[in-house]
Amino acid sequence: MKEQIVKFTDVSKKYKSGEGEQTVLDNISFAVDKGNFVGVTGDSGSGKTTLLHLMGGLEDVSSGNVETCGKDLKRLSPIKLEEFRRKHISYIFQDYNLIEELTVWENIIFPSQLKGISLEEEKLIEILKILKLEDKRNKFPSQLSGGEQQRTAIVRSIVSKPDIILADEPTGNLDSRNTKVVAKLLQYVNKQYGTTIVMVTHNIALLDYCTDRIKVEDGRIKND
Ligand SMILES: Nc1ncnc2c1ncn2[C@@H]1O[C@H](COP(=O)(O)OP(=O)(O)O)[C@@H](O)[C@H]1O
Ligand SMILES: [Mg+2]
């Protein structure tokens, strides 16, 4: 059996809404095998982002257990959780989340510096060349197109060598050409480095790049 890198056991997530409560995820149990590239679909508001947040410890469960990279996230203190996230997890968001005051190059190396990983400059330049970002290395995010910003965000998420990449609609703001580039890039990272990827997407065509698919529906997980 493959190693399970994410394991949900009887997980529920509820939010207060007005007087009452809204159950977003309702007693779900499922696992993600290490090395898989999982595509997550579901209607808007179905709980996909919530699911990623729980996987990465950005939010707490209401009940049940989430184990990521062998750690029961509920048992970690806030400081340990922060440390854990930095060491094991990278996020890619729809709106890129680059730091406006830093250049492309600085944005890319910043999380690795935090982790104490030293990057081989030549290798990084090689990657930037492939992604047509090399001549943008000293530019600031506001000077880049959406596609360039997202490619930068992905390079940043890769080079810190995470065990798992959580991508929340990473192509949501991109045109079809850049959408394909980003999906291929994630697929390459998954195959080449064995990095586990969980990607939320509205774009059904992108599921072709994934090794597995799940759907969030009515608070439950459906295997497609
Ligand atoms: N922090 C929050 N407080 C209250 N309700 C929330 C919060 N985050 C999400 N929700 C609600 O939970 C549901 C699922 O949200 P979300 O996980 O963002 O869905 P999706 O990413 O699938 O669109 C929505 O109804 C949303 O309004
Ligand atoms: Mg969402």
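Note that the coordinates shown come from a computational prediction; the quantities given were computed from them, not determined experimentally.

Some points on the overall build of the protein
Each helix and strand in the protein was counted, giving six helices and ten strands. Here the C-alpha atoms of the protein give a radius of gyration of 18 Å, agreeing with the 17 Å that 2.2 N^0.38 yields for 224 residues. Scored against the burial criterion, the 224 residues of the protein give a buried share of 48%. When contacts within the protein are restricted to residue pairs at least 6 apart in sequence, long-range pairs at least 24 apart make up 70% of them. Within the structure as shown, the protein displays about 11,800 Å² of accessible surface, and the carbon and sulfur contribution to it stands at 45%. For the protein, the distance from the average position of its 32 positive side-chain charges to the average position of its 33 negative side-chain charges is 3 Å.

Focus on helix α6 (residues 176-193)
Taking 1.5 Å of rise per residue, the 18 residues of α6 would be expected to cover 26 Å, and the 26 Å separating its terminal C-alpha atoms lies within 8% of that figure. At its buried positions, α6 is contacted by β3 (37-41), β6 (89-93), α5 (146-159), β7 (164-168) and β8 (196-200). Gly-194, located one to two residues past α6, shows a positive phi value of around 70 degrees.

Let's talk about the side chain of Thr-68
Looking at the secondary structure, you find Thr-68 in strand β4 (residues 63-68). Relative accessible area serves as the criterion here: at 1%, Thr-68 is assigned to the buried category. At 2.7 Å, the side chain of Thr-68 and the backbone oxygen of Met-55 are in polar contact. Sequence-distant contacts of Thr-68, that is, excluding residues within four places in its chain, are made with Ile-5, Val-6, Met-55, Leu-73, Phe-84 and Ile-89.

Some thoughts on the pairing of β3
Along any regular strand the residues' side chains alternate between the sheet's two faces. Of all the five residues making up β3, five are buried; the element is thus mostly covered by neighbouring parts of the structure. With burial as the criterion, each face of β3 is covered, one bearing Phe-37, Gly-39 and Thr-41 and the other bearing Val-38 and Val-40. Pairing of β3 with β8 involves four bridges; the strand directions are parallel. Directly across from Val-40, in β8, lies its bridge partner Val-200. The pairing of β3 with strand β9 (residues 212-217) spans four bridges and is parallel. Opposite Thr-41, over in β9, you have Lys-215 as the bridge partner.

Thoughts on the site of ligand 1
Neighbouring ligand 1 are Tyr-15, Gln-22, Val-24, Asp-43, Ser-44, Gly-45, Ser-46, Gly-47, Lys-48, Thr-49 and Thr-50. A distance of 3.3 Å separates an oxygen atom of ligand 1 from a polar atom in the backbone of Ser-46. Coverage of ligand 1 by the protein chains reaches 60% of its 560 Å² of free accessible surface. When contributions to the shell around ligand 1 are tallied by element, the ones reaching two or more residues are β2 (20-33) and α1 (48-55). Take the shell around ligand 1: its biggest share by element is three residues, from α1. Tallied by class, residues from the shell around ligand 1 come to two nonpolar, seven polar and two charged.

Notes on the pattern of salt bridges
A full pass over the atoms with the stated rule returns eight salt bridges. Taking the shortest distance from any N to any O, the salt bridge between Lys-13 and Glu-59 comes out at 3.8 Å. Of this pair, Lys-13 sits in strand β1 (residues 4-17) while Glu-59 sits in the loop between α1 and β4, and the two are 46 residues apart along the sequence. By relative accessible area, Lys-13 is classed as buried at 9%.

Description of the packing of aromatic side chains
Pairs of aromatic rings are described using the distance from one ring centre to the other and the angle between the two planes. Here the structure, examined in full by the defined rule, presents three aromatic pairs. On the basis of an interplanar angle of 15 degrees and a centroid distance of 5.8 Å, the ring pair of Tyr-91 and Phe-93 is categorised as stacked. Taking 6.5 Å as the distance between ring centres and 90 degrees as the angle between the ring planes, the aromatic pair formed by Tyr-188 and Tyr-193 counts as edge-to-face. Judged by its relative accessible area of 45%, Tyr-188 falls in the partly exposed class. Sitting over the ring of Trp-105, Arg-137 keeps its end group 4.0 Å from the ring centre.

Analysis parameters
- The numbers attached to residues start from 1 for each chain and follow its sequence in the written order.
- Chain labels run from A onward and ligand labels from 1 onward, assigned in the order the entries are written.
- Per-residue local features of the predicted model are confined to residues with pLDDT of at least 70, and side-chain atom pairs are confined, for both listing and counting, to 80 or more; whole-chain, interface and lining totals are unaffected and use all residues.
- Excluding hydrogens and water, the side-chain values take into account all heavy atoms of the structure.
- Comment: elements are numbered from the N terminus, with helices defined as DSSP H or I runs of at least four residues and strands as E runs of at least two.
- Radius of gyration here uses only the C-alpha atoms, and the compact-globule reference equals 2.2 Å multiplied by the residue count raised to the power 0.38.
- Whether a residue is buried, partly exposed or exposed follows from its accessible area with a 1.4 Å probe, protein chains only, as a fraction of its type maximum: under 20%, in between, or over 50%, in that order.
- Contact between two residues is taken to exist if any of their heavy atoms lie within 4.5 Å; hydrogens are not considered.
- The method behind every accessible area is Shrake-Rupley, applied with a 1.4 Å probe, and residues are considered shielded solely by the protein chains displayed.
- His is not counted here, nor are the chain ends, while Lys and Arg score as positive and Asp and Glu score as negative.
- The location of each charge is read from NZ of Lys, CZ of Arg, CG of Asp or CD of Glu.
- In this analysis, the expected span of each helix is defined as 1.5 Å times one less than the number of residues it contains.
- Whenever a nitrogen or oxygen atom comes within 3.5 Å of another N or O atom, the pair is scored as a polar contact, on the condition that within protein one atom can donate a hydrogen and the other can accept it, and that pairs from neighbouring residues in sequence are kept only if both atoms are in side chains.
- When DSSP locates at least two bridges between a pair of strands, those strands are taken to pair.
- Nearness is defined per residue: one heavy atom within 4 Å of the molecule or strand is enough.
- In this count, Pro and Cys sit with the nonpolar residues alongside Ala, Val, Leu, Ile, Met, Phe, Trp and Tyr, while Asp, Glu, Lys and Arg are called charged and the others, Gly among them, polar.
- Any carboxyl oxygen of Asp or Glu that lies within 4 Å of a side-chain nitrogen of Lys or Arg is treated as forming a salt bridge with it.
- Two aromatic rings from Phe, Tyr or Trp, using only the six-membered ring of Trp, form a pair when their centres are within 6.5 Å; if the ring planes differ by under 30 degrees the pair is stacked, by over 60 it is edge-to-face, and anything between is tilted.
- For a ring to carry a charge above it, either NZ of a lysine or CZ of an arginine must fall within 6 Å of the ring centroid while also lying within 35 degrees of the normal to the ring plane.

The values are spatial; any link to function lies outside them.
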